[in-house]
Each structure stands twice: as structure tokens, then as C-alpha cells.
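Spelled out, the chains give:
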Amino acid sequence: MTDRQDEGRFSKEEPEMDDRAHEERAESGREGTGLCLSGGGYRAMLFHAGALRRLNDAGWLRKIDFISSVSGGSIAAGVLGRYWNRLRFNDADESALNFDAEVVDRIRALARLNIDRRSVIGGLLRPRASIGERVAAAFRDNLFGDFTLQDLPERPRFIITATNLQTGKLWRFSRPYMWDWSLPKIEFPTTSLATAVAASSAFPPFLSPVRMSIAPSEWLDPPGWNAQLPDHVILSDAGVYDNLGLEPVIKRCETVLVSDGGGQMESMVEIPHDWPRHLLRVLDVIDNQVRSLRKRSLISSYQDGSFRGAYWGIRSDIEKYRLLDAFPVTRDLTQNLAKTPTRLHALPDDTQEQLINWGYAICDAGLRSQVDTALNAPASLPYPKSSLELSRD
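Not measured: the values here are computed from a predicted model. (Residues numbered from 1 in each chain as written. Predicted model: local features only at pLDDT ≥ 70, side-chain atom pairs only at ≥ 80, totals over all residues. Heavy atoms only, no water.)

1. Overview of the overall build of the protein
Working step 1: Broken down by element type, the protein carries 11 helices and 10 strands.
Working step 2: Here the protein holds 393 residues, and the buried ones make up 55% of them.
Working step 3: Long-range pairs, those at least 24 residues apart, make up 74% of the contacts in the protein with a sequence separation of at least 6.
Working step 4: As presented, the protein carries roughly 18400 Å² of accessible surface, and 49% of it is formed by carbon and sulfur atoms. (Helix = DSSP H or I, 4+ residues; strand = E, 2+ residues; numbered from the N terminus. Buried < 20%, exposed > 50% of the residue type's maximum accessible area, 1.4 Å probe, protein only. Contact = heavy atoms within 4.5 Å. Areas by Shrake-Rupley, 256 points an atom, 1.4 Å probe, with all protein chains shown as cover.)

2. What about helix 8 (residues 193-200)?
Working step 1: Counting buried positions along helix 8 yields eight of eight residues, so the element is predominantly enclosed.
Working step 2: Listed in full, the buried residues belonging to helix 8 are Leu193, Ala194, Thr195, Ala196, Val197, Ala198, Ala199 and Ser200.

3. Remarks on the side chain of Arg368
Working step 1: Relative to the helices and strands, Arg368 is located in helix 11 (residues 349-370).
Working step 2: A distance of 3.1 Å separates a polar atom in the side chain of Arg368 from a polar atom in the side chain of Asp325.
Working step 3: Beyond its immediate chain neighbours, meaning those up to four positions away, Arg368 contacts Arg54, Leu323, Asp325, Ala326, Thr373, Leu375, Asn376, Ala377 and Pro378. (Polar contact = N/O pair within 3.5 Å; in protein donor to acceptor, adjacent residues only side chain to side chain.)

4. Section: unusual backbone geometry
Working step 1: In this structure, the amide linkage connecting Arg155 to the following residue, Pro156, adopts the cis form with an omega of 0 degrees.
Working step 2: As for its position among the elements, Pro156 is in the loop between helix 7 (131-144) and strand 3 (157-164).
Working step 3: Positive phi, close to 45 degrees, is recorded for Phe188, a residue that is not glycine.
Working step 4: With respect to the helices, strands and loops of the structure, Phe188 is situated in the loop between strand 6 (186-187) and helix 8.

5. What to know about helix 3 (residues 41-57)
Working step 1: When the terminal C-alpha atoms of helix 3 are compared, their 24 Å separation across 17 residues agrees well with the 24 Å that a helix rising 1.5 Å per residue should span.
Working step 2: Taken across its 17 residues, helix 3 has 16 buried, putting it largely inside the fold. (Expected span 1.5 Å × (residues − 1).)

6. As for the pattern of salt bridges
Between side chains of opposite charge, a pair can form as their charged atoms come close.
Working step 1: The tally for this structure, following the rule as stated, stands at 14 salt bridges.
Working step 2: A salt bridge links Arg53 to Asp57, with the shortest nitrogen-to-oxygen separation between them at 3.1 Å. One end of the pair, Arg53, and the other, Asp57, are both in helix 3, four residues apart, so they sit about a helical turn from each other.
Working step 3: We classify Arg53 as buried; its relative accessible area is 17%.
Working step 4: Accessibility expressed as a relative area gives 30% for Asp57, which makes it partly exposed. (Salt bridge = Lys/Arg side-chain N within 4 Å of Asp/Glu carboxyl O.)

7. Regarding the confidence of the model for the protein
Working step 1: With 79% of its residues at a pLDDT of 70 or more, the protein shows a mean pLDDT of 84.
Working step 2: Element-level pLDDT for the protein is lowest in helix 1 (residues 3-6), with a mean of 34, against a maximum mean of 98 in helix 5 (residues 99-110).
Working step 3: Confidence drops under a pLDDT of 50 for residues 1-28, and excluding neighbours within four residues, the segment shows 52 contacts in the predicted structure.
Working step 4: Confidence over residues 119-125 falls short of pLDDT 50; this stretch has 10 contacts with residues more than four positions distant or in other chains. (pLDDT = per-residue confidence, 0-100.)

8. Quick notes on the pairing of strand 4 (residues 169-173)
Regular strands have side chains that alternate between both faces of the sheet.
Working step 1: Within strand 4, five of the five residues are buried, which leaves it mostly tucked inside the rest of the structure.
Working step 2: Bridge count between strand 3 and strand 4: five bridges; the pairing is antiparallel. If you follow Thr163 over to strand 4, its bridge partner there is Leu170.
Working step 3: Turn length for the strand 3-strand 4 hairpin, with the two strands adjacent in sequence and antiparallel, is four residues, and the turn residue Gly168 shows positive phi of about 75 degrees.
Working step 4: Pairing of strand 4 with strand 5 (residues 177-179) involves two bridges; the strand directions are antiparallel. Along strand 5, the bridge assignment pairs Arg172 with Trp179.
Working step 5: The hairpin turn running from strand 4 into strand 5, its antiparallel successor, is three residues long. (Pairing = 2+ DSSP bridges.)

Put into C-alpha cells, the structure is as follows:
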């Protein structure tokens, strides 16, 4: 065993490659459609609910082959996966007639609960159960029950991502397997959906980490593997690694749709000099740079024809999509929605409705301007009384 393996390195010594290159070496070309749902707490979860509602109304939801999700996006994806087989798709227009009842209404019910505060307080009072485990219990009790990864549909394939803090790689939960590329796969995992979503949304430092035990027999030991396999993995919010959830789909899919409900670093005039707050600010700058680079790379790939698709974000300007019949919105209002705190904390119904409406409206603009130009404009927003325009009175 090498010195690096003695220090706790689990993977074989080999040049680092991205996840997709390791997983799909033998494949060439791209095919199918992937959807990425970013992190961002309840704010992103509700924003994505609106985008999913628009994709369903447009007949696009049923066309998606892969759904990759992060943090708050994983809650929305988890609800969609949990209730996918209950959706009644209309063969005439490919839309699910009961989408609101099975998906949107369940997401909204969760958004009325305070998960993060209860989990943190409970974890402090009873430290034997980690805060991450308490978040998983809340998801299990309020959304997923005993549903496991094996209960997810085969298509679309749901890929719920987290960050493996031991290896620094992207951990993927899915029906066929879970892993990060530096470790062997665990095939057909029976991990609960609640645990997968909790790991994906374990925002540091308060909700992180989630510790997941793994029996030696669960690892698929490949030929030539000579490193000691871990008996557990320590997982944190997937946004630590990739807040857009791009990695599992960008080299696999011909069409890539990205819904971004994530935040943006705010400018500061006075920078704290005490080392804890100063360090946090430096980490924010590093995180913001990584996110910006991923977004710019994505847009460049659209422009150079590497793949087709559309990006829409909670901070996007709808006028830049250049649709004459886009939904009318007031930029100041949508920017305020984008400032909704990134938490798993109850939101009032009017804020929920506006976030869903905004996800619906900007997804519509991205979809019709960049992917499906023949698509008809929708007649109304999901919640017409929750306007996206500020009153001029």
C-alpha cells in the first residue's frame, strides 16, 4: 500500500478524469435529453417546480432521459421520481393531467415546514443522531416514506448528486448504481430516497454531513483494485462540487436543459477583518468563481454547437430571450425573489406562488427561444392572481 493510501486515500493511483469520462469511456457521441436542477434550498425547489410544470405542459417532461439534481433541486426531483409512476400522461399532447396534484402540491406542502431549524435544534439537544440524519427523517416522514432508489423509474433516470468529502468527488445516487468515479460502484443500491435527498441538500456547516455506512459486500470490486475499501462515506451538499448538476449529463446528452435557482454572491464595501468572517468571504469568492466558470462554459457549449439546449435562471432577464409574447414581469420583483434565503425554512403561500410562476415563465422563455421555437405560448401562469408585475399605483 502506498503512503497516500495509508493516509486514507481510497482510490487507485491514476490520472484524474471527469466523472463522465470514467463512466462512459466506451461510448461516443451524445444522445437524449438531460435536465439539470440546481441547488438553492426551498427557493430553488419552488422555482424548479414551476419549470417542471412548464416542461410538462409543453410535452417535454416525458421526453427527458436523465434528471440530474443538486440540493434544493434534488427535493423537487425526488418528489417527481417518487410519484412519477402515478402521473397520467395524455398521449395527445404528452402532458400529465395530474401533475399539480402529484408533484407541485406535495412540494408546496413541504415548503410550509421548517426542516432546517428543527433539525439543527434537535441535533444539538440529542447529538447521537446527526443533523443530516434528522433532515433525512423529515424527508422520509413528509415526502418519501420507505421509497428507495430501486423504486425510482427506469426512465427518466434520476441522478441525485452529493459531494464525497473523503475523496472530493461527485457522489451519484441512482437506480442502477451509486458511486464517485474514484471508488468502485455499488450496483442496484437499496438506499432510501430520503437519505439520498438529505445528503444532496446537506448544506454546510449546519446540515452537513450525512454519514452513510457501506458493507464490504456492497462494493463491486473491479479487477486490479488493491486499495482498502471504506466502510462508510461522508457526504455533503452537492453544490460544494457542482451547483448546477451538469457533470452527469453534459457529456452524455445531445440536449441539455438547465434550471438554475442558485444564488449569487453579493458585493461588499467593507470586508470583515476578523479571521472567521474573513475566511467565509474568501470561500464565497472561490465558490462564486467556480459557479461562474461552469455557467460560462455551459453557455459557450451552446454557442459553439457542442450540444443544444437552454439555460434559465432565477436571476435571468426575460427580455434577453427576445420573445415578443413572453410573460410580462417586473425585473425588480424577480430580483427580489432571487434573494429569498437559501434555507429549508417555511415560505408564505404568496412567495411560493410567485417563485413557481417565475420558474414557469422563464422556463417558457428559454424553451421557446432556444429549443422548441414551434411551441405555442401558454395561456396563463400557474397562479394568475400572484402577478410577476409590480403595481404602478
